[in-house]
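# What the coordinates show
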Amino acid sequence: MTDSTAALPAGAAERWGVRVVPLQVLVDGAPLVGTDLAAATISALQRGARVTTSQPSAATFADAYAAAASDGATAVVSVHLSGELSGTVQAARSAAERAPLPVHVVDSRTAAMGLGFAALAAAWVAGGTPVEGARVDGPAVEGARRPASRWRLRRSGAADTRPATDVEAVARAARTAAESSRVWFLVDSLEHLRRGGRLGAAAAALGTVLGLRPLLTVADGRLVVAEKIRTRRAAVERLVAVATAAALARPGARVAVHHADRADAAQDLAHRLTEATRGSLREIVVSPAGAVLTAHVGPGLLAVVVSDGVSGEAPARL
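To keep things clear, this report deals only with the structure shown in the data block.

How each quantity is defined
- Residues numbered from 1 in each chain as written.
- Predicted model: local features only at pLDDT ≥ 70, side-chain atom pairs only at ≥ 80, totals over all residues.
- Heavy atoms only, no water.
- Core = buried A, V, L, I, M, F, W, Y, C linked by side-chain atoms within 4.5 Å.
- Buried < 20%, exposed > 50% of the residue type's maximum accessible area, 1.4 Å probe, protein only.
- Helix = DSSP H or I, 4+ residues; strand = E, 2+ residues; numbered from the N terminus.
- Contact = heavy atoms within 4.5 Å.
- Pairing = 2+ DSSP bridges.
- 1 Å grid on protein atoms, 1.4 Å probe; cavity = no way out; pocket = protein on both sides within 12 Å on 5 of 7 lines; lining within 4 Å.
- Points joined across faces, edges and corners; volume = space filled by probe spheres on them.
- Nonpolar A, V, L, I, M, F, W, Y, C, P; charged D, E, K, R; others polar.
- Phe/Tyr/Trp six-rings, centres within 6.5 Å; stacked < 30°, edge-to-face > 60°.
- Arc of directions from axis to C-beta.
- Axes fitted to C-alpha atoms, helices over the stretch in contact; angles between N-to-C directions.

All right, on to the nonpolar core then. Counting residues in hydrophobic clusters, the biggest one holds 52 residues, and the most contacted among them are Leu120, Phe185 and Leu301. Secondary structure elements with two or more residues in this core: α1 (12–16), β6 (76–80), α5 (113–126), α6 (167–180), β10 (182–186), β11 (213–219), α11 (291–297) and β15 (302–307). Top element by residues in this core is α5. It accounts for twelve residues. Among all residues touching leucine 120, those that are not within four sequence positions of it are Leu8, Ala12, Trp16, Val18, Met113 and Val136. The next biggest cluster of nonpolar side chains, apart from the first, holds 23 residues, and it includes Val240, Ala247, Val255 and Val304.

Rendered as structure tokens:
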């Protein structure tokens, strides 16, 4: 289980059986509804509406955990957005204390597909899918078990003797993937992040001084300014450079490119990264940032996530 800030590519959650608990976007205090929430969020930001977000409540998580138990799960691994950026993981922990089955809550200490790769790594290990052969947008490889909504995670002392996956190994896979991930964000303006409290006023002021385009990253679970660059074009070049270096340093890396209303730019960025890494990537996916991340960063976002995935650990059986 994860939350919607994972920004998983379309179909990935369903393909790998990952349940997604949504965060909400509010426009002038009213919850945003519709089929294309990201586009509606961008429209609201552009017209100057007050756009905020709301984390899931503990009751929402409690309902999700109860539904998993009703579907036959014996344990849940719940992987979420950095606790330094949102109270989502704390709400999950609160609900876990009252859940009808064991729940292992993992604070990813990251965001976007840094979180998404962690949730998928857990899903692959839980499903018995060989991680090295798994693809975010591909079919389950031979030998994988049934979808995650029916996965059985063995809890300590369980009497059931049928094959199951060690829940500790699943949680460990999520933590390993999250810790391996590097995330960079390039945005048109830091004002939205300042308003939402995700970035300090001093750091946000850099966006208006001398036309600087800060390149942001996640460090110790917090969003920080990694570099200060004069123009967007130069910032894109730097984004390519740092992401390429990170990917080449880890053979078989997985890469995700995110965007907010910049689909063509994201595809171009993915193409450049593919060429720059000389075919060494395990895979590269392009995914919209989603409504919640867009609400915080504003239109024009380009982001890159580089992850090791899981370090070759075999699924643990009991």
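This part takes up the pairing of strand β3 (residues 24–27). On any regular strand, side chains alternate: one points to one face of the sheet, the next to the other face. Pairing of β3 with strand β5 (residues 51–54) involves four bridges; the strand directions are antiparallel. Note on β5: the bridge partner recorded for glutamine 24 is serine 54. Inspection of the sheet shows β3 paired to strand β4 (residues 30–31) by two bridges, in the antiparallel sense. Paired with valine 27 across the strands is alanine 30, a residue of β4.

For the largest pocket, the calculated volume is near 600 Å³. What lines the largest pocket is a set of 27 residues, and nearest its centre among them are Ser4, Leu8, Val20, Gly290 and Ala291. Listed by contribution, the elements that provide at least two residues to the lining of the largest pocket are α1, β3, α2 (37–46), β14 (283–288) and α11. Here the residues of the lining of the largest pocket are counted per class, giving 17 nonpolar, seven polar and three charged.

We now examine the packing of aromatic side chains. Tallied over the entire structure, the rule returns two aromatic pairs. Between the aromatic rings of tryptophan 16 and tryptophan 124, the centroid separation amounts to 5.8 Å while the plane-to-plane angle is 85 degrees, which identifies the pairing as edge-to-face. A residue pair is termed long-range when its members are at least 10 positions apart, and tryptophan 16 in helix α1 and tryptophan 124 in helix α5 qualify at 108 residues. The exposure class assigned to tryptophan 16 is buried, which follows from its relative accessible area of 3%. Taking the relative accessible area as the measure of exposure, tryptophan 124 reaches 1% and is therefore buried.

With that settled, the discussion passes to helix α4 (residues 88–96). Among the residues making up α4, those that are buried are Thr88, Val89, Ala91, Ala92, Ala95 and Ala96. Around the axis of α4, the buried residues are gathered within 160 degrees of arc, so they sit on the same side. In this structure, the buried residues of α4 make contact with β1 (2–3), α3 (58–70), β6 and β7 (103–107).

This brings us to the environment of valine 21. In this fold, valine 21 is placed in strand β2 (residues 20–21). Considering only alpha carbons, one finds valine 21 and methionine 1, 20 residues apart in sequence, at a separation of 7.5 Å. Once you skip the residues sitting within four places of it in the chain, valine 21 turns out to touch Met1, Thr2, Asp3, Ser4, Pro56, Thr60, Phe61 and Ala64.

With mixed pairing, six strands are arranged side by side in an open sheet as β12-β11-β10-β15-β13-β14. Looking at the sheet topology across the chains shown, the edges are occupied by β12 (222–229) and β14. Neighbouring strand axes in the sheet, compared pairwise and without regard to direction, differ in orientation by 20 degrees on average. The sheet contact formed by β10 and β11 spans three bridges and is antiparallel. Along β11, the bridge assignment pairs leucine 186 with leucine 215. Where α5 meets the sheet, it contacts β10, β13 (254–259), β14 and β15, and its direction lies at approximately 135 degrees from that of β13.

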